[in-house]
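# Overview (structure and organization)
Chain by chain, the residues:
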Amino acid sequence: MAVEDPMEPPGAGRTRRRGAALEEAILRAAVEELTESGYAGLTMDRVAGRAGTNKNAVYRRWPNRLALGIAAYRRLTTTVQPPDTGDLRGDVLEMLRRANRHWSSPLGAILRELLAAAGGASEFLTQLPEESSDATAAAWLTILGRAVARGEASPEALHPRVATVAIVLLRNEFVVRGVPTAPDEVLVEIVDEVYLPLVRHRGADSARPRHG
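Residues numbered from 1 in each chain as written. Predicted model: local features only at pLDDT ≥ 70, side-chain atom pairs only at ≥ 80, totals over all residues. Heavy atoms only, no water.

## Remarks on the pattern of salt bridges
By the definition in use, this model includes 14 salt bridges. A salt bridge links R50 to E33; the nearest nitrogen and oxygen atoms lie 2.9 Å apart. In this pair, R50 is assigned in helix α2 (residues 44–51) and E33 in helix α1 (residues 19–37), connecting sequence segments 17 residues apart. Given the relative accessible area of 35%, R50 is considered partly exposed. For R150, the salt bridge identified is with E152, shortest N-O distance 2.6 Å. Take R150: its relative accessible area is 33%, and that puts it in the partly exposed class. (Salt bridge = Lys/Arg side-chain N within 4 Å of Asp/Glu carboxyl O. Helix = DSSP H or I, 4+ residues; strand = E, 2+ residues; numbered from the N terminus. Buried < 20%, exposed > 50% of the residue type's maximum accessible area, 1.4 Å probe, protein only.)

Given below as structure tokens:
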């Protein structure tokens, strides 16, 4: 049973909110703060003030600023279906171009701030849609599975590490090289020089006769 938050100041004319309603107000305020000021400008005090409560109420729901920032970021992202151009090369290029646009956007700048703040803490990283290995692999395996069905790739290519090589290489451009956006020729190079040869090799390797 939901109870009124005892730490929320009553305030003139304010309707006293209960657990779920207060949590939603805090999260909505965090989204607005994150959008306006980025993660660097996100503070528990400012979120509490915008939500019309106090920071104790915020801390009881999110133990630290990073946890709150990630929860707010998840509200800003949407799930997009993998492209289906009818061609493996076209699908992979479109996936990389989408990721490139996202990571180069204001929302992508917030993501990079959150990644930097999280460091290597897996308990935080797995909460980010882009960093969830299962979700990432599922999208890329869908693309590769369609290519197998069309005869463009061998079933042996359907391995999560093979499927996600392209996006890992693109992420490397942002995280390791620190580029603000990757040139399109880099995306084409990843596809033509690494991804497609790797996928084709998996099929060729399985078809090669074994002796001994």
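## With respect to the packing of aromatic side chains
On inspection of all chains with the given rule, the structure shows two aromatic pairs. Look at W140 and Y195: their rings are 5.9 Å apart centre to centre, the planes differ by 55°, and that puts the pair in the tilted class. With W140 in helix α8 (residues 133–150) and Y195 in helix α11 (residues 184–207), this residue pair connects regions lying 55 residues apart in the sequence. Y195 shares its class with W140; the two are buried. A cation over an aromatic ring shows up here: R65 above the ring of Y39, its NZ or CZ 4.0 Å from the ring centre. (Phe/Tyr/Trp six-rings, centres within 6.5 Å; stacked < 30°, edge-to-face > 60°. Lys NZ or Arg CZ within 6 Å of the ring centre and 35° of its normal.)

## Topic: the side chain of E33
Take E33: its relative accessible area is 5%, and that puts it in the buried class. Engagement of the side chain of E33 in a polar contact is seen with the side chain of R50, the distance being 2.9 Å. Apart from the residues lying within four places of it in its own chain, the contact partners of E33 are G38, G41, L42, R46, V47 and R50. (Polar contact = N/O pair within 3.5 Å; in protein donor to acceptor, adjacent residues only side chain to side chain. Contact = heavy atoms within 4.5 Å.)

## Regarding the environment of E94
As for its placement among the helices and strands, E94 is situated in helix α5 (residues 88–104). If we ignore the near neighbours within four places in the chain, the residues touching E94 are P83 and R101.

## Concerning the packing of α5 against helix α6 (residues 106–118)
Two elements in contact, α5 and α6, have axes whose closest approach is 4 Å; the angle formed by their N-to-C orientations is 75°. When the axis of α5 is compared with that of α6, the two are roughly perpendicular. Seen from α5, the contacting residues are H102, W103 and S104; seen from α6, they are P106, L107, G108, A109, L111 and R112. Within the contact of α5 with α6, the residues separate by chemical class into five nonpolar, three polar and one charged. (Axes fitted to C-alpha atoms, helices over the stretch in contact; angles between N-to-C directions. Parallel < 35°, antiparallel > 145°, perpendicular 65-115°, else oblique. Nonpolar A, V, L, I, M, F, W, Y, C, P; charged D, E, K, R; others polar.)

## Regarding the environment of F124
Checked against the element boundaries, F124 lands in helix α7 (residues 122–125). Exposure remark for F124: the relative accessible area of 15% places this residue in the buried category. Sequence separation between F124 and I70 is 54 residues, and the spatial gap between their C-alpha atoms is 7.8 Å. When residues no more than four places from it in sequence are discounted, the contact partners of F124 are N64, L66, A67, I70 and A118.

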